[in-house]
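Coordinate inspection notes
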Amino acid sequence: MLTRIDHIGIACHDLDATVEFYRATYGFTHAHFEVNEEQGVRECMLKINDTGDGAASYLQLIEPIRDDSAVARWMAQNGEGVHHIAFGTDGTVADEAVGIAGKGVRVLYDAPRNGSMGSLINFLHPKDCHGVLTELVQKRPDPA
Ligand code: CMX
Ligand code: CO
């Protein structure tokens, strides 16, 4: 079941300056930085709040590291701004993807890929989601 807004993905030109904007303007300071080579981004997950399913909601600030990345292509058309939304599941992304694909929505990857902080992710095509690039997220299992 999809139980939370896991994150909102926001494309930016200068990650450090954008993180500083969110800190100085809103006081969001719980920041986790990483590079996702496969997705072609440097990113910062800014935690906004914990959620009832034991996970959390974030802003995902993303700066392209390659001109041929999905985010760089999108920014060439749109500039900075909201790029995607991500719903979190309390189950697996693989199961969510099967269920959603069965409703006629295109799932972009055959199998889940690596997302932020050890999560597993997949995407739904924006043209099948009323113009919204939609991501599915399964948070990293808690260490045993
Ligand atoms: N939101 C809404 N619509 C979008 C979009 C977005 N982010 N990106 C592309 N589109 C639209 C385009 O406007 C275009 O519409 P028109 O045909 O009406 O012009 C259509 O989708 C196809 O666009 P395109 O430029 O030909 O598409 P791309 O080849 O760039 O591929 C997509 C689009 C969704 C398949 C690609 O962006 C993708 O694979 N995304 C998933 C991966 C990703 O976004 N990674 C970055 C985030 C990583 C993370 O969250 O961790
Ligand atoms: Co994302």
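Reading the values: the criteria
Residues numbered from 1 in each chain as written. Chains lettered and ligands numbered in written order. Predicted model: local features only at pLDDT ≥ 70, side-chain atom pairs only at ≥ 80, totals over all residues. Helix = DSSP H or I, 4+ residues; strand = E, 2+ residues; numbered from the N terminus. Rg over C-alpha atoms; globule rule 2.2 N^0.38 Å. Buried ≥ 20, exposed ≤ 12 C-beta atoms within 10 Å, placed from the backbone. Contact = placed C-beta atoms within 7 Å. Core = buried A, V, L, I, M, F, W, Y, C linked by C-beta atoms within 7 Å. Pairing = 2+ DSSP bridges. Near = placed C-beta within 6 Å. Nonpolar A, V, L, I, M, F, W, Y, C, P; charged D, E, K, R; others polar. UniProt positions renumbered as here; feature names shortened; annotations may be inferred.

Some details on the overall build of the chain
A tally of helices and strands in the chain yields three helices and eight strands. Listed by position from the N terminus, the elements making up the chain come as β-α-β-β-β-α-β-α-β-β-β. For a compact globule of 144 residues, the expected C-alpha radius of gyration is about 15 Å, and the chain comes in at 15 Å, within 12% of that figure. The proportion of buried residues among the 144 residues of the chain is 31%. For the chain, the proportion of contacts with a sequence separation of at least 24, taken over those separated by at least 6, is 58%.

Structural notes on the nonpolar core
Ala 11, Cys 44, Leu 46, Leu 61, Ile 62 and Val 71 are the most contacted members of the largest nonpolar core, which totals 13 residues. Elements that contribute at least two residues to this core include exactly β3 (41–50), β4 (56–64) and α2 (70–78). For Ile 62, the residues in contact, after removing those within four places along its chain, are Gly 9, Ile 10, Ala 11, Cys 12, Val 41, Glu 43, Val 71 and His 83. If you look at the next biggest cluster of nonpolar residues, it comprises nine residues, including Val 93, Ile 121, Leu 136 and Val 137.

Here's the deal with the pairing of β4
Judged by how many residues are buried, β4 sits mostly within the fold: seven of nine residues are covered. The pairing of strand β1 (residues 2–11) with β4 spans five bridges and is parallel. Looking at the pairing, His 7 lines up with Tyr 58 of β4. Relative to β4, β3 runs antiparallel, the two sharing nine bridges. Bridge assignment links Lys 47 to a residue of β4, and that residue is Tyr 58. The hairpin formed by β3 and β4 contains five residues between the paired strands, and Gly 54 there has a positive phi angle of roughly 85 degrees.

Considering the site of ligand 1
The full set close to ligand 1 counts 22 residues, and Gln 39, Ala 70, Phe 123, Pro 126 and Leu 133 are the nearest of them. At the level of elements, β4, α2 and β5 (81–89) are the ones that each hand at least two residues to the shell around ligand 1. Broken down by element, the residue count for the shell around ligand 1 peaks at four residues, all from α2. Of the residues that constitute the shell around ligand 1, the class distribution is nine nonpolar, ten polar and three charged.

Some details on the UniProt feature "domain: VOC" (unreviewed entry) in the chain
Taken from the UniProt record, the annotation "domain: VOC" (unreviewed entry) applies to residues 4–139. Taken end to end, residues 4–139 has its terminal C-alpha atoms 11 Å apart, with 22% of it in helix and 40% in strand.

Points about unusual backbone geometry
At Met 117, a position not held by glycine, the phi torsion is positive, near 55 degrees. The topology assignment puts Met 117 in the loop between β6 (113–114) and β7 (120–124). Take Met 117: there are 13 C-beta atoms within 10 Å of it, and that puts it in the partly exposed class. If you check the backbone angles, His 130 has positive phi at about 50 degrees while not being a glycine. By the C-beta count within 10 Å, which is 7 here, His 130 ends up exposed.

Considerations on the pairing of β5
Pairing of β1 with β5, which is carried by eight bridges, proceeds in the antiparallel orientation. Paired with Ala 11 across the bridge in β5 is Gly 81. In the sheet, β5 pairs with strand β8 (residues 134–138) via four bridges, with the strands oriented parallel. Within β8, the residue paired with Ala 86 across the bridge is Glu 135.

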